[in-house]
Amino acid sequence: MTSLKIGICGGGVGGLCAALALRQQGHEAIVFERAKQFLRIGADVNLTPNAVRALDRLGVGEVLRETAARPTHRISRTWDTGEETSRLPMSEAAEVRYGAPQLTIHRGDLLQALANALPEEAIRLGKQAERVEQGEPMRIHFADGTSEEVDLVVGGDGIHSAVRRELFGEDHPEFTGLVSYRAVVPRSAVPEVENLDAFTKWWGPSPDVQVVVFPLTRGEEVFIFATTPQDDWREESWTLPGDVDELRRVYRAFHPDVQALLAACDSVTKSALYVREPMPQWSVGHATLLGDAAHPMVPFMAQGACMAIEDAVVLSRCLEGVDRAGLSAALQRYEEARKARTAQVQRGSRANDWLKGEGTADWVYGYDAWGVELP
Ligand SMILES: Cc1cc2nc3c(=O)[nH]c(=O)nc-3n(C[C@H](O)[C@H](O)[C@H](O)COP(=O)(O)OP(=O)(O)OC[C@H]3O[C@@H](n4cnc5c(N)ncnc54)[C@H](O)[C@@H]3O)c2cc1C
């Protein structure tokens, strides 16, 4: 069987899924992750049916179902009155319609499940990619002074991707003027709030303010996401702390459910939101990108992780049976298969109006990464 040595920079959601999928094709895929260990950091990941179906076939669906929550509905509500402007049934209804449910899970639990499904030699921790040297073979240079020869480099190293910078230079994202806050609270802290088994988006009086709430950890925890306009904070980070009172002040006229949720937050993370245009090209030589490295998006469709998972599956399908001579053509097929869809989700996220009123989720949830026709 043909086997390529593939170096995946970044052991996040997309990188780990790519390693699993590529190993299923018989390739020697190795993840180089800059963190020294997988910690339970971050908060939520929203896995809609398009992602769950992909993960099921990677063999991790059962483990994920042990810790994830299964939202019963996807609901849009008006910020002050609480009036519902759309309600999609998920759970069993999604299984019937799309072949998989929606799962919402702590990011740490998802990463752990993916890492556990890989053999030990497939993950190297403490390896921060700094430079990518083109050639046959390719060479990845790490911050610790070591380097590794591979046939193909995959940049799965997130929004501030070093691999993207190496291939295409610095990017110039546009600040939206908004910051996002994330928090996880125990469900027992908000007994008065209804509908906590649903994925609910509270739409504000302007697109600058909104709150998204959904269950995590078998429903024992509740995830809260909110945005506020703020021009003086420009840090794009997954881990920096924010000021909860700042957040509560902006939402003080919202429905009592929203105020109760924010009152229960002990701590929040805070990140500035930036917009990036879809990239016209993802690959150079024998190096390509996936996930946030290829198409970072604002989180208003909650599809960042789902797109990374779909990328991983489609990349592996494009590389099935491919040797070094066929790599360039395979990477071209991968880009062609994925660019239009991810650009549509990037633009849809930026527009921030998806499912505000009645509408269909089929074009997002109905996508089958394992079955979609390849160019
Ligand atoms: C710490 C952290 C917490 C997050 N928390 C949330 C959250 O609560 N909610 C949410 O919606 N999204 C969160 N995200 C982002 C979310 O996981 C991604 O948007 C989405 O899953 C797309 O996945 P990805 O694989 O492209 O990127 P990510 O999942 O972000 O993975 C990128 C990985 O690459 C690693 N990395 C970065 N640079 C290098 C380098 N030079 N060399 C080697 N490795 C590198 C990072 O440590 C990370 O593990 C978080 C991301 C991170 C890194």
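Residues numbered from 1 in each chain as written. Predicted model: local features only at pLDDT ≥ 70, side-chain atom pairs only at ≥ 80, totals over all residues. Heavy atoms only, no water.

**Q** Quick rundown of the pairing of strand 1 (residues 5-9)? Include the residues and the values.
**A** Of all the five residues making up strand 1, four are buried; the element is thus mostly covered by neighbouring parts of the structure. Here strand 1 runs beside strand 2 (residues 28-33); their pairing, made up of five bridges, is parallel. Each residue of the ladder has a partner; that of C9, found in strand 2, is F32. Tracing the backbone out of strand 1, into helix 1 (residues 13-24) and back to the parallel element strand 2 gives a crossover that is right-handed. Bridge count for strand 1 against strand 11 (residues 152-155) is four bridges, and the pairing is parallel. Bridge pairing links I8 to V154 in strand 11. (Buried < 20%, exposed > 50% of the residue type's maximum accessible area, 1.4 Å probe, protein only. Helix = DSSP H or I, 4+ residues; strand = E, 2+ residues; numbered from the N terminus. Pairing = 2+ DSSP bridges. Right-handed = clockwise from strand over helix to strand, strands pointing away.)

**Q** Residues and numbers for the sheet that holds strand 5 (residues 84-89), please.
**A** Spatial strand order, 5-4-13-14-15-12-17-16: eight strands in an open sheet with mixed pairing. The sheet terminates laterally at strand 5 and strand 16 (241-242), the two strands that pair on one side only. Taken together, the six bridges between strand 14 (residues 210-216) and strand 15 (residues 221-229) define a ladder with antiparallel strand orientation. Its bridge partner being in strand 15, V213 is matched across the sheet by I224. Relative to the sheet, helix 8 (residues 256-263) contacts strand 4 (73-78), strand 13 (199-203), strand 14 and strand 15, its axis offset from that of strand 15 by approximately 105°. (Contact = heavy atoms within 4.5 Å. Axes fitted to C-alpha atoms, helices over the stretch in contact; angles between N-to-C directions.)

**Q** An account of the UniProt feature "domain: FAD-binding" (unreviewed entry) in the chain is requested, with residue identities and associated values reported.
**A** As annotated in UniProt, the feature "domain: FAD-binding" (unreviewed entry) corresponds to residues 5-347 in the numbering used here. Secondary structure over residues 5-347 splits into 31% helix and 29% strand, and the C-alpha atoms at its two ends are 34 Å apart. (UniProt positions renumbered as here; feature names shortened; annotations may be inferred.)

**Q** Run through the pattern of salt bridges, naming residues and quoting values.
**A** One pass over the structure, following the stated rule, counts 28 salt bridges. For the salt bridge of R139 with E149, the shortest nitrogen-to-oxygen distance reads 2.9 Å. Pair noted here: R139 is in strand 9 (residues 138-142) and E149 is in strand 10 (residues 147-150), with a separation of 10 residues, a long-range link. By relative accessible area, R139 is classed as partly exposed at 24%. Judged by its relative accessible area of 42%, E149 is partly exposed. Across the pair D231 and R234 runs a salt bridge, and its minimum N-O distance is 3.7 Å. What makes R234 partly exposed here is its relative accessible area of 46%. Several salt bridges share partner residues, and in doing so they unite R164, D171, E236 and R276 into one network. (Salt bridge = Lys/Arg side-chain N within 4 Å of Asp/Glu carboxyl O.)

**Q** Can you lay out helix 2 (residues 49-58) for me, pointing to particular residues and giving the numbers?
**A** The α-helix advances 3.6 residues per turn, and as a result positions three or four apart in sequence lie on the same side. Most of helix 2 is tucked away: eight of the 10 residues are buried. Within two residues after helix 2, G59 carries a phi angle of roughly 90°, on the positive side.

**Q** Describe the packing of aromatic side chains, and please don't skip the residues or the numbers.
**A** Within the structure shown, the criterion is met by 10 aromatic pairs. Look at F214 and F223: their rings are 4.9 Å apart centre to centre, the planes differ by 40°, and that puts the pair in the tilted class. Of the residues examined, F214 reaches a relative accessible area of 2% and is grouped as buried. Seen in terms of ring centroids, W282 and Y334 are 5.6 Å apart; in terms of plane orientation they differ by 65°. Their pairing is edge-to-face. With W282 in the loop between strand 17 (268-275) and strand 18 (287-289) and Y334 in helix 10 (residues 327-351), the pair connects residues that are 52 residues apart, well separated along the chain. Y334 shares its class with W282; the two are buried. Three or more aromatic residues joined by ring pairs form one cluster here, namely Y98, W354, W363 and Y365. K270 extends its terminal NZ or CZ atom over the ring of W233, reaching a point 4.1 Å from the ring centre. (Phe/Tyr/Trp six-rings, centres within 6.5 Å; stacked < 30°, edge-to-face > 60°. Lys NZ or Arg CZ within 6 Å of the ring centre and 35° of its normal.)

**Q** Explain the site of the ligand to me, using residue names and the numbers behind them.
**A** Taken together, 28 residues surround the ligand, and among them G14, E33, A43, D44 and D292 come closest. Interatomic distance of 2.7 Å between a backbone N/O atom of G14 and an oxygen atom of the ligand. Within the side chain of D44, an N or O atom sits 2.7 Å from a nitrogen atom of the ligand. Bound to the protein, the ligand loses 90% of the 910 Å² it would expose on its own. Of all the secondary-structure elements, those providing two or more residues to the shell around the ligand are helix 1, strand 2 and helix 9 (304-318). Considering only residue class, the shell around the ligand consists of nine nonpolar, 11 polar and eight charged. (Near = heavy atom within 4 Å. Polar contact = N/O pair within 3.5 Å; in protein donor to acceptor, adjacent residues only side chain to side chain. Areas by Shrake-Rupley, 256 points an atom, 1.4 Å probe, with all protein chains shown as cover. Nonpolar A, V, L, I, M, F, W, Y, C, P; charged D, E, K, R; others polar.)

**Q** Run through the nonpolar core, naming residues and quoting values.
**A** Side chains that are nonpolar tend, in soluble globular proteins, to be buried together. Grouped together as the largest cluster of nonpolar side chains are 74 residues, with contacts concentrated most on I6, I8, L47, L55, L64, V153 and L319. Filtering out sequence-adjacent residues up to four positions away, L64 remains in contact with L47, L55, L103, I105, L110 and A113. Of all hydrophobic cores here, the second largest spans 28 residues; its members include L196, V211, I224 and L261. (Core = buried A, V, L, I, M, F, W, Y, C linked by side-chain atoms within 4.5 Å.)

**Q** Account for helix 5 (residues 107-116), with residues named and values stated.
**A** Extensive coverage of helix 5 is indicated by the burial of seven of its 10 residues. Next to the buried residues of helix 5 lie helix 1, strand 3 (44-47), helix 2, helix 3 (61-67), strand 6 (103-106) and strand 7 (123-125).

**Q** Hey, could you go over the packing of helix 1 against helix 9 for me, with residue numbers and the actual values?
**A** Remark: helix 1 packs on helix 9, axes separated minimally by 8 Å, with the N-to-C direction vectors making an angle of 25°. It follows from the interaxial angle that helix 1 and helix 9 lie roughly parallel. Between helix 1 and helix 9 lies a crossing whose hand is right-handed. Contacts between helix 1 and helix 9 pair V13, G14, C17, A18, A21 and L22 from the former with A305, A308, I309, A312 and S316 from the latter. Here the residues of the contact of helix 1 with helix 9 are counted per class, giving nine nonpolar, two polar and no charged. (Parallel < 35°, antiparallel > 145°, perpendicular 65-115°, else oblique. Left-handed = near helix turned anticlockwise from the far one by under 90°.)

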